[in-house]
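# Summary of structural features
The primary structure of each chain is shown beneath.
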Amino acid sequence: MSKDTGEKQERYTIQSIDKALDLLELLAEHGSLNLLELTDLLDQPKSSTYRIVLTLENRGFISRDDENGKYCLGYKQLMLTRGMLERNTLRSAALHEMKKLSEMYGDTINLGVLLEGEVLYVEILESTQPLRMTDTVGSKSPFHATAMGKAMAAFLPEEKVKELIMLQGLPALTKNTIVSEKQFQLKLQQVREQGFALDDQEIVEGARCLAAPIFNMYGNIEGAVSMSGAMHRFADEVIPEMAESMKAAANRISRKLGYETVH
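### Looking at the overall build of the chain
The number of helices and strands found in the chain is 10 helices and 8 strands. Across the 263 residues of the chain, 46% fall into the buried class. Within the chain, residue pairs in contact and separated by at least 24 positions form 55% of the contacts whose partners lie at least 6 positions apart. Accessible surface for the chain amounts to roughly 14,800 Å². Of this, 51% is attributable to carbon and sulfur atoms.

What follows is the structure in structure tokens.
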């Protein structure tokens, strides 16, 4: 972003709306906060925070627990999210293929996109197995440690990947997490060559995840679909067959989005 563009955006920003959105993001991150905690985190006068809180509460965007006085996201969020999911073209295109994968393997099937340098889960079909992953729709995960993140990053311009690394870093989440930029770039090259990505206990020990990229009609990365579960269900000998199923599903989803060339 250029300096002039940044200054223009700053000049036309409505600060009260900006603070209200900050407040909603804080509640989404922390779960619940009282007025003093919100005031401190927003770094503004208590009276200003209260006016924002009162407005959002009256509109149903947040609600207050009478027992502890803390605020949390309200029912209006669910209505907006439901509408967004129902209209989401990627989700609509992917859901049938996700259900087929779920029926075929019985493991957790995920659909994700990149948002602000992280993987955002937009749909999850939970596993029928006793051991399962605990991600939820709307949750986020580090792009460098997840199969979906690597599947998407592999098909981004190199400068964009460098920006993501600068923004989020490559923190170690387990002993298997890739923390070297050089090694990460080599891994992305491997993903491009084989058409799928593997999370080999890089974010949760004892768990593996396979993912394949989804492209839109312009040939740009749109998202990724993945399958995750306990290590013993993703043994080395079954990975190739599972990976082919993931790639085929991702290709069919991509074609539904108008993508013609199959990777």
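### Observations regarding the pattern of salt bridges
Under the defined criterion, the tally for this structure stands at 13 salt bridges. E97 is the partner of K100 in a salt bridge, and the nearest nitrogen-oxygen pair spans 3.7 Å. Within this pair, K100 and its partner E97 are both found in helix α6 (residues 89–105), separated by 3 residues, close to a single helical turn. Classification of K100 as partly exposed rests on a relative accessible area of 32%. Salt-bridge contacts for D200 lead to R208; the nearest nitrogen and oxygen are separated by 2.8 Å. For R208, a relative accessible area of 6% translates into the label buried. Residues participating in the shared-partner salt-bridge network are E97, K100, R252 and K256.

### Remarks on a nonpolar patch on the surface
Taken together, I14, I17 and L21 make up a surface patch of nonpolar side chains, about 280 Å² in accessible area. Along the chain, I14 turns up in the loop between α1 (3–12) and α2 (15–30).

### Some details on the nonpolar core
One finds I214 and V225 to be the most contacted residues of the largest nonpolar core, which totals 28 residues. Mapped onto this core, the elements with two or more residues apiece are α6, β3 (108–115), β4 (118–125), β7 (207–215), β8 (221–230) and α10 (239–256). Leaving out residues up to four positions away in the same chain, V225 has contacts with M98, L101, I109, N110, M148, L210, A211, A212, I214, M246, A250 and I253. One finds I178, F215, I221 and A224 within the second-largest nonpolar core, a separate group that totals 27 residues.

### Quick look at the packing of aromatic side chains
Enumeration over the complete set of coordinates arrives at 3 aromatic pairs. Measuring from centroid to centroid gives 5.0 Å for F215 and Y259, while their planes differ by 25 degrees, and the two rings are stacked. With F215 in strand β7 and Y259 in the segment after α10, this pair connects stretches of sequence that are 44 residues apart. Every member of this aromatic cluster is reached through a ring pair, and the members are F155, F215 and Y259.

### A look at the environment of E97
The exposure class assigned to E97 is buried, which follows from its relative accessible area of 4%. Considered as a pair, E97 and M246 are 149 residues apart in the sequence and their alpha carbons are 9.4 Å apart. Apart from the residues within four sequence positions on either side, E97 is in contact with A249, R252, I253 and K256.

### So, α10
Compared with the 26 Å implied by 1.5 Å per residue over 18 residues, the 26 Å span of α10 between its first and last C-alpha is a close match. Turning to α10, its buried residues are I239, M242, A243, S245, M246, K247, A249, A250, N251, I253 and S254. Residues of α10 that are buried make contact with α6, α9 (181–194), β6 (197–200), β7 and β8. Positive backbone phi, at 100 degrees, marks G258, one or two positions downstream of α10.

Scoring rules and cut-offs
- Residues numbered from 1 in each chain as written.
- Predicted model: local features only at pLDDT ≥ 70, side-chain atom pairs only at ≥ 80, totals over all residues.
- Heavy atoms only, no water.
- Helix = DSSP H or I, 4+ residues; strand = E, 2+ residues; numbered from the N terminus.
- Buried < 20%, exposed > 50% of the residue type's maximum accessible area, 1.4 Å probe, protein only.
- Contact = heavy atoms within 4.5 Å.
- Areas by Shrake-Rupley, 256 points an atom, 1.4 Å probe, with all protein chains shown as cover.
- Salt bridge = Lys/Arg side-chain N within 4 Å of Asp/Glu carboxyl O.
- Patch = residues over 30% accessible without salt bridge, like charges linked within 9 Å, V, L, I, M, F, W, Y side chains within 5 Å.
- Core = buried A, V, L, I, M, F, W, Y, C linked by side-chain atoms within 4.5 Å.
- Phe/Tyr/Trp six-rings, centres within 6.5 Å; stacked < 30°, edge-to-face > 60°.
- Expected span 1.5 Å × (residues − 1).

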